[in-house]
Amino acid sequence: MQQAVLEHYPDADAEYRFVNRDPSILFNRDSFEWLQERISSMAELRATSEDLEYLRSACPYFSADYIAYLSEFKYNPSAEVTCSIDESSGILSLRVCGNWTRIILYEVPLLAMIAESHYRFVDTDWNYVGQREKIAAKGQQLVDAGCRFAEFGTRRRRSFMTQDIVMSELSRIKPGSGGLSGTSNVYLARKYGVRPVGTIGHEWIMGIAALENTYREADRLALLKWQQTYKGQLAVALTDTFGTRVFFATFGRDLADIYDSVRHDSGDPLAFAQAVYEHYKGLGVDPSTKTIIFSDSLTPEISIGIKNRCDSYGIGCSFGIGTNFTNDFSLASNPARGGTALNIVIKLFECGGRPCVKLSDDRTKYTGDIDEVKRAQSELAEFYSI
């Protein structure tokens, strides 16, 4: 997304905020100090010539100008990241502020470090026993069912070592009609010789809604601008930033012809598959030429059930599986009991001086200023009961 922001909104300022969706998940002084050290060390990161050459080869949709930008890019966390902890409550607060193009790259590494800090110093009743066997079994189950799937687990992984184990095991499984299509972790994609993959994030659409001052047309504007940047590549349309009913209202035949896939990230996946099928049919588009990418709280069992439904509609599907791959642990003290996975996000809170919101198809995933949420719903009143 950074390339698209750099092209279309290079001067926009933005603010991101950390959101912990589970108030029972807390932090302590040790976790906070470890996190602060890791955030500070981001200032030392630089892309090497080997890194840039890999991106040129693996990501041909990156322009020469963008690769040149990355060659000079460096984080400035002392000026851009503010992190604090209330030790009496264990509540962690974090904000990222600055030029949108510059700060957009913080979200994923910060979330990974926040998660790891919790599991290093707060929730420590776990170990790696059985992890290789567990992930190998999950991958084989998906392959045997004919599921195409990608590893999307960086943000909420228990540790880097966990994700490395996951990719090590998944990359060994012989593909059949199903198989591993890639990982969203570019480092691990390079290490294990698989494709780096990903899709548009909600922040792209949220930011455009704020900068262009429209919720009704934000999905369409975001997809058109994305197409201008990527010219038919990375053609996956995210559907739920302001709800799928809003999305479908502006996803006409022109966009359906451009975008090969749509992505589901909240709400009932089976109902969504039916809605997508019916929308394509209504546009005169053959659903068998399209794919739905599912990425919401998936397990192998849920994915297989979704695939069966998509098969009945004759529409393609694939799956981005995150937390179930990289944060599915049992308690070391009682292996019969499952551990707790984090439900954390870093969301765009403001862009261009205007508040940003996400409505989603799941009310528990609404984010943003409550008054702005109400204003968005008012603008979209035909789609929402207020």
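Computed from a prediction, not measured in an experiment: that's the story for all the values here.

Caption draft 1: The overall build of the protein chain, seen in detail. Regarding its fold elements, the protein chain presents 18 helices and 11 strands. Whereas a compact globule of 386 residues would reach a radius of gyration of roughly 21 Å, the protein chain reaches 20 Å, a difference of no more than 12%. If one aligns the C-alpha atoms of the protein chain with their principal axes, the spans along those axes are about 55 × 50 × 50 Å. Burial status across the protein chain gives 51% buried among its 386 residues. Contacts in the protein chain between residues far apart in sequence, at least 24 positions, make up 76% of those at least 6 positions apart. Averaging the coordinates of the 42 positive side-chain charges in the protein chain and doing the same for the 50 negative ones gives two points 3 Å apart.

Caption draft 2: Region of interest: the side chain of Thr326. Looking at the secondary structure, you find Thr326 in helix α17 (residues 323-326). The exposure class assigned to Thr326 is buried, which follows from its relative accessible area of 0%. Among residues more than four places away in sequence, those in contact with Thr326 are Glu151, Gly153, Arg156, Arg157, Arg158, Thr162, Gln163 and Val166.

Caption draft 3: Looking closely at the nonpolar core. With 109 residues, the main nonpolar core has Leu94, Trp100, Trp204, Phe242, Phe251 and Phe294 as its most contacted residues. Residues in contact with Trp204, not counting those within four places in the same chain, are Met1, Ala4, Val5, His8, Tyr9, Trp100, Ala222, Lys225 and Trp226.

Caption draft 4: The arrangement of the state of the cysteines in detail. This model, assessed by the stated rule, comprises 0 disulfides. Left without a disulfide partner, Cys351 is nearest to the cysteine sulfur of Cys356, which lies 5.2 Å away. Cys351 sits in the buried class, given a relative accessible area of 0%.

Caption draft 5: Structural context of unusual backbone geometry. Even without glycine at this site, Lys231 takes up a positive phi of about 50°. Among the secondary structure elements, Lys231 is positioned in the loop between α12 (218-230) and β6 (236-238). Located in the positive-phi region is Leu234, a residue other than glycine, with phi close to 50°. Looking at where Leu234 falls in the secondary structure, it is placed in the loop between α12 and β6.

Caption draft 6: Seen up close, the sheet that holds strand β7 (residues 261-264). What the 6 strands build is an open sheet, ordered β5-β4-β9-β8-β7-β6; its pairing is parallel. Two strands lie at the open edges of the sheet, namely β5 (179-183) and β6, each paired on one side alone. Across the sheet, the mean angle separating the axes of adjacent strands is 25° when strand polarity is ignored. Sheet topology places strand β4 (residues 148-151) next to strand β9 (residues 316-321); 3 bridges connect them, and they run parallel. Across the sheet, residue Glu151 finds its bridge partner in β9, namely Ile321. Across the face of the sheet, helix α16 (residues 300-313) comes into contact with β8 (291-294) and β9 while running at roughly 165° to β9.

Caption draft 7: Local environment of the packing of helix α15 (residues 269-283) against α16. Between α15 and α16, the least distance of the axes is 10 Å, while the angle of their chain directions is 20°. In terms of orientation, α15 lies roughly parallel with respect to α16. Read as a crossing pair, α15 and α16 show a hand that is right-handed. Across the interface between the two elements, Pro269, Leu270, Ala273, Gln274 and Tyr277 of α15 pack against Gly305, Ile306, Arg309, Cys310 and Tyr313 of α16.

Caption draft 8: Structural context of the side chain of Gln3. Examined against the element boundaries, Gln3 turns out to sit in helix α1 (residues 2-8). A polar side-chain atom of Gln3 sits 2.8 Å from the main-chain amide nitrogen of Ser63. Beyond its immediate chain neighbours, meaning those up to four positions away, Gln3 contacts Tyr61, Phe62, Ser63, Tyr66, Thr229 and Tyr230.

Caption draft 9: Structural detail: helix α9 (residues 160-170). Counting buried residues in α9 gives 9 out of 11 residues, a clear majority hidden from the surface. Buried within α9 we find Thr162, Gln163, Asp164, Ile165, Val166, Met167, Ser168, Glu169 and Leu170. Where the residues of α9 are buried, they touch α8 (131-144), β4, β5, α10 (186-192) and α17.

Caption draft 10: Spotlight on the environment of Val186. Of note, Val186 is situated in helix α10. Taking the relative accessible area as the measure of exposure, Val186 reaches 36% and is therefore partly exposed.

Caption draft 11: Examining the packing of aromatic side chains more closely. All told, the structure shown has 26 aromatic pairs when counted by the stated rule. Note on Tyr69 and Phe73: the rings are 6.1 Å apart at their centroids and 40° apart in plane angle, and the pair reads as tilted. What makes Phe73 buried here is its relative accessible area of 9%. Consider the rings of Phe247 and Phe251, whose centres lie 4.7 Å apart with planes at 25°: the pair is stacked.

Definitions and limits used
Residues numbered from 1 in each chain as written. Predicted model: local features only at pLDDT ≥ 70, side-chain atom pairs only at ≥ 80, totals over all residues. Heavy atoms only, no water. Helix = DSSP H or I, 4+ residues; strand = E, 2+ residues; numbered from the N terminus. Rg over C-alpha atoms; globule rule 2.2 N^0.38 Å. Buried < 20%, exposed > 50% of the residue type's maximum accessible area, 1.4 Å probe, protein only. Contact = heavy atoms within 4.5 Å. Lys, Arg positive; Asp, Glu negative; His and termini not counted. Charge placed at Lys NZ, Arg CZ, Asp CG, Glu CD. Core = buried A, V, L, I, M, F, W, Y, C linked by side-chain atoms within 4.5 Å. Disulfide = S-S within 2.5 Å. Pairing = 2+ DSSP bridges. Axes fitted to C-alpha atoms, helices over the stretch in contact; angles between N-to-C directions. Parallel < 35°, antiparallel > 145°, perpendicular 65-115°, else oblique. Left-handed = near helix turned anticlockwise from the far one by under 90°. Polar contact = N/O pair within 3.5 Å; in protein donor to acceptor, adjacent residues only side chain to side chain. Phe/Tyr/Trp six-rings, centres within 6.5 Å; stacked < 30°, edge-to-face > 60°.

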